[in-house]
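Residue strings, one per chain:
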Amino acid sequence: MDERKTKIIAFLREIDKFKFIIREIYRTDDKKETNSDHVWHIAMFLLLFEKDVAERVDILKCFKMILIHDIVEMYAGDTFAFVDADAKKEKEVQEIKAAEKLFGHLPEDLGEEIHNLWKEYEAAETKEARFVKGLDRLQAFNQNIISNGRIWWERNVTFDKAKDYKQEFINSDELLTEVYNDMLEEVKKIFDDKNKQS
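Only a predicted model underlies this, so the values are computations on that prediction, with no experimental measurement involved.

## With respect to the overall build of the chain
- A tally of helices and strands in the chain yields 11 helices and 2 strands.
- For the chain, the sequential pattern of α-helices and β-strands runs α-β-β-α-α-α-α-α-α-α-α-α-α.
- The C-alpha radius of gyration computed for the chain amounts to 18 Å, which stays within 12% of the reference 16 Å derived for 198 residues, consistent with globular compactness.
- Considered along the principal axes of its C-alpha atoms, the chain spans approximately 65 × 35 × 30 Å.
- When contacts within the chain are restricted to residue pairs at least 6 apart in sequence, those whose partners lie at least 24 apart make up 71%.
- Surface summary for the chain: the accessible area is close to 11100 Å², and the carbon and sulfur share equals 51%.
- Considering the chain, the positive charge centre built from 33 side chains and the negative charge centre built from 43 side chains are found 3 Å apart.

Structure below.
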């Protein structure tokens, strides 16, 4: 096998570690979601809503972005969404280091392409990056709905915090806004039911 293929296969074996990164959100089987669960579910959101957004965003670019958006967490770890500014800054620093290390394993052209795509997602300036960030938000929102807000209760997340998180990305696309508003009604009910129990 030539050096290029050898590097690609080695990278594919290295990223097996991605499957073992545990997120904070629960699945319906009472286990916490993994990063690979999360990425697969976001990809399904895009696949199923593709016809609704195909004229507004580059679908292939969005799929690529979904696949790699959290991949650096295999070195940097996952950080809970609702942390303070210092923790967010530390996350950013660790993820930049992780990206340089991880994408450096690939052949130069691929490493540069994927690293640039990851940086584009992080910068959230293009319509694709903003859309994928919105899908990322919707998937987490949906996962909290189907797990009945369990992590919200464990981490004392208020309705307003849950509602407002990454709102700017939801508002960047009409489909995201519509789906989010429908989900928000379910979230209100979850919080109302929990408040009645308290």
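## Some thoughts on unusual backbone geometry
- Phi at Asp30 takes a positive value of approximately 70°, unusual for a residue other than glycine.
- Mapping Asp30 onto the fold places it in the loop between strand 1 (22-26) and strand 2 (32-34).
- In this structure Asp30 comes out as exposed when scored by relative accessible area, which is 56%.
- With a phi close to 60°, Asn148 is a non-glycine residue in the positive phi region.

## Regarding the packing of helix 2 (residues 35-53) against helix 11 (residues 174-197)
- One way to put it is that helix 2 packs onto helix 11 with a least axis distance of 11 Å and a crossing angle of 125°. Judged by the angle between their axes, helix 2 and helix 11 are oblique. Judged by residue contacts, Phe45, Phe49, Asp52 and Val53 of helix 2 engage Leu175, Val179 and Met183 from helix 11.
- Its residues assigned to classes, the contact of helix 2 with helix 11 comprises 6 nonpolar, no polar and 1 charged.

## Considerations on helix 7 (residues 127-146)
- Its 20 residues give helix 7 an end-to-end C-alpha distance of 28 Å, which sits within 8% of 28 Å, the value for a rise of 1.5 Å per residue.
- Counting buried positions along helix 7 yields 17 of 20 residues, so the element is predominantly enclosed.
- One or two steps after helix 7, the chain reaches Asn148, where phi turns positive at roughly 60°.

## Looking at the packing of helix 6 (residues 108-123) against helix 7
- Contact geometry of helix 6 with helix 7 gives a least axis separation of 8 Å together with a crossing angle of 70°. Between helix 6 and helix 7, the interaxial angle falls into the category roughly perpendicular. In this structure, helix 6 uses Glu120, Tyr121 and Glu122 to contact helix 7, whose residues at the interface are Ala129, Val132, Lys133 and Asp136.
- When the residues that make up the contact of helix 6 with helix 7 are grouped by side-chain class, the tally is 3 nonpolar, no polar and 4 charged.

Calculation rules
Residues numbered from 1 in each chain as written. Predicted model: local features only at pLDDT ≥ 70, side-chain atom pairs only at ≥ 80, totals over all residues. Heavy atoms only, no water. Helix = DSSP H or I, 4+ residues; strand = E, 2+ residues; numbered from the N terminus. Rg over C-alpha atoms; globule rule 2.2 N^0.38 Å. Contact = heavy atoms within 4.5 Å. Areas by Shrake-Rupley, 256 points an atom, 1.4 Å probe, with all protein chains shown as cover. Lys, Arg positive; Asp, Glu negative; His and termini not counted. Charge placed at Lys NZ, Arg CZ, Asp CG, Glu CD. Buried < 20%, exposed > 50% of the residue type's maximum accessible area, 1.4 Å probe, protein only. Axes fitted to C-alpha atoms, helices over the stretch in contact; angles between N-to-C directions. Parallel < 35°, antiparallel > 145°, perpendicular 65-115°, else oblique. Nonpolar A, V, L, I, M, F, W, Y, C, P; charged D, E, K, R; others polar. Expected span 1.5 Å × (residues − 1).

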